[in-house]
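Structure at a glance
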Amino acid sequence: MPDGPAPNADAPVYDWDVTTAGDRRGYIDPHALSELWFHTGTACNLACPFCLEGSKPGDTRLGLMTLADVRPFIDEALDIGVEQFSFTGGEPFVARDFVKILHYAADRRPCLVLTNATLPLIRRLHDIERLKRTRHPIQFRVSIDYLTADEHDAGRGQGSFAAALEGVKALRKLGFAVSVARQRKNGEDMHAVDAAYRDFFADLTGADTPTIVSFPDFKPPFSDGAVPEITEACMTTYHDEASRRDFMCAFSKMVVKQDGQMCVYACTLVDDDRQYDLGGTLRAAMERRVKLGHHRCYSCFAYGASCSERST
Ligand code: SF4
């Protein structure tokens, strides 16, 4: 491993620079920090078996963040032109400081929050209502895996579907924009499923069509995805300058708390591999070339997978 960072002991082993066949590995050079994500911690009130983060009650793989942890990164991001702050977990509302964090962030830039919209959010609705008065808007993206309680609750636990719908309705009633994240099945008709979601949410909230974000199975942390490797030639044959700029690692970064230290990862999808820990500051991270060796990079390469709702 000539000049790459050290791998995580639990992650599959591969050469950062060179593929198994000896070709130079494909890469992305970041061009801007338009969106900064925070992973608020892998503790969650639910324990979904498919969670790409392996989140569950009491999980500490990634630590819960405090306002003091987050503030320096928000301030640094503002200095280098960030346009949006986004938050994911775990369940962000499990973090005690999360409402304070959102206040601080949304007074400075628009925010997006990924949530399961169940008990941790529902019992803080009174505090969340006060977030309507921040200088910039806050949008929520709620996970509704499937449109039936049976399918949704099979992964998330009985009652989760009804609780999430209650959360969605409460957020809409408070006037927040809500988008939806769903699971993508192999071979599905994406347009038909998205249309069914739009109808369902129009009936539920009477609101405009929400944005629907769907994801393939990213597998749990530390999985070996057994996908084709991406070479430099792949990145010029199948992609061009414009499409390379759409990779999340080209225009965003994610801050996590690991072993008590705050660190900046390349994107929201790779926090299980230390090779993607790009340093302790955003400026340092933005200087680093990102090699596409993680199995989830293939989803970005082949399908344009992205947690972002921004276009670059
Ligand atoms: S998972 Fe996607 S966004 Fe993240 S480093 Fe790989 S290619 Fe970039």
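What counts, and where the lines are drawn
- Residues numbered from 1 in each chain as written.
- Predicted model: local features only at pLDDT ≥ 70, side-chain atom pairs only at ≥ 80, totals over all residues.
- Heavy atoms only, no water.
- Phe/Tyr/Trp six-rings, centres within 6.5 Å; stacked < 30°, edge-to-face > 60°.
- Helix = DSSP H or I, 4+ residues; strand = E, 2+ residues; numbered from the N terminus.
- Buried < 20%, exposed > 50% of the residue type's maximum accessible area, 1.4 Å probe, protein only.
- Lys NZ or Arg CZ within 6 Å of the ring centre and 35° of its normal.
- 1 Å grid on protein atoms, 1.4 Å probe; cavity = no way out; pocket = protein on both sides within 12 Å on 5 of 7 lines; lining within 4 Å.
- Points joined across faces, edges and corners; volume = space filled by probe spheres on them.
- Nonpolar A, V, L, I, M, F, W, Y, C, P; charged D, E, K, R; others polar.
- Pairing = 2+ DSSP bridges.
- Axes fitted to C-alpha atoms, helices over the stretch in contact; angles between N-to-C directions.
- Near = heavy atom within 4 Å.
- Sits in = over half its atoms within 2 Å of the grid points.

Looking now at the packing of aromatic side chains. All told, the structure shown has 13 aromatic pairs when counted by the stated rule. Between Phe87 and Phe98, the aromatic rings sit 5.4 Å apart at their centres with planes inclined by 75 degrees, giving edge-to-face as the arrangement. Of this pair, Phe87 sits in strand S3 (residues 84–88) while Phe98 sits in helix H2 (residues 98–106), placing them 11 residues apart in sequence. Phe98 carries the same exposure label as Phe87, and that label is buried. When the ring of Phe93 is compared with that of Phe140, the centres are 6.3 Å apart and the planes differ by 25 degrees; the resulting orientation is stacked. A residue pair is termed long-range when its members are at least 10 positions apart, and Phe93 in the loop between S3 and H2 and Phe140 in strand S5 (residues 138–143) qualify at 47 residues. When sorted by exposure, Phe93 lands in the same class as Phe140, which is buried. An aromatic cluster is defined as three or more aromatic residues linked by ring pairs; in this entry it consists of Phe38, Phe85, Phe87, Phe93, Phe98, Phe140 and Phe176. Arg108 extends its terminal NZ or CZ atom over the ring of Tyr104, reaching a point 3.6 Å from the ring centre. For Arg289, the ring lying beneath its charged end belongs to Tyr27, and the centroid distance is 3.7 Å.

Empty space left among the atoms is revealed by rolling a probe the size of a water molecule over them. If you add up the space inside the largest pocket, you get close to 350 Å³. Forming the walls of the largest pocket are 17 residues, and the residues nearest its centre are Asn186, Pro216, Asp217, Ser299 and Tyr303. If one sorts the elements of the lining of the largest pocket by residue count, helix H12 (residues 295–303) sits on top with 5 residues. Per-class residue counts for the lining of the largest pocket are 6 nonpolar, 6 polar and 5 charged. Quantified by volume, the second largest pocket comes out at close to 280 Å³. Together, 21 residues line the second largest pocket, and Tyr14, Asp224, Gly293, His294 and His295 are the ones closest to its centre.

Within a beta sheet, neighbouring strands are joined by backbone hydrogen bonds and run either parallel or antiparallel to one another. On the basis of which strands lie adjacent, the open sheet formed by 8 strands has the order S7-S6-S5-S4-S3-S2-S8-S9 and mixed pairing. Where the open sheet ends on each side, the last strands, each with one partner, are strand S7 (212–215) and strand S9 (261–265). Put simply, the sheet's adjacent strands are angled 20 degrees from each other on average, direction ignored. The pairing of S3 with strand S4 (residues 111–115) spans 3 bridges and is parallel. Residue pairing in the sheet places Ser86 in a bridge with Leu112 of S4.

Our next topic: unusual backbone geometry. Most peptide bonds are trans, and most residues other than glycine sit at a negative phi. Along the chain, Gly89 connects to Gly90 via a cis peptide bond; the corresponding omega equals 20 degrees. Locating Gly90 in the fold gives a position in the loop between S3 and H2. Despite not being glycine, Asp259 shows a phi value in the positive range, around 50 degrees. Mapped onto the secondary structure, Asp259 falls in the loop between strand S8 (252–258) and S9.

Attention shifts here to the site of the ligand. Neighbouring residues of the ligand: Phe247, Met248, Cys249, Cys267, Leu269, Val270, Tyr276, Val290, Leu292, Arg296, Cys297 and Cys300. Applying the majority rule of atoms within 2 Å of the grid points places the ligand in the second largest cavity. The set of elements that each furnish at least two residues to the shell around the ligand consists of helix H10 (248–251) and H12. Split into classes, the residues belonging to the shell around the ligand amount to 11 nonpolar, no polar and 1 charged.

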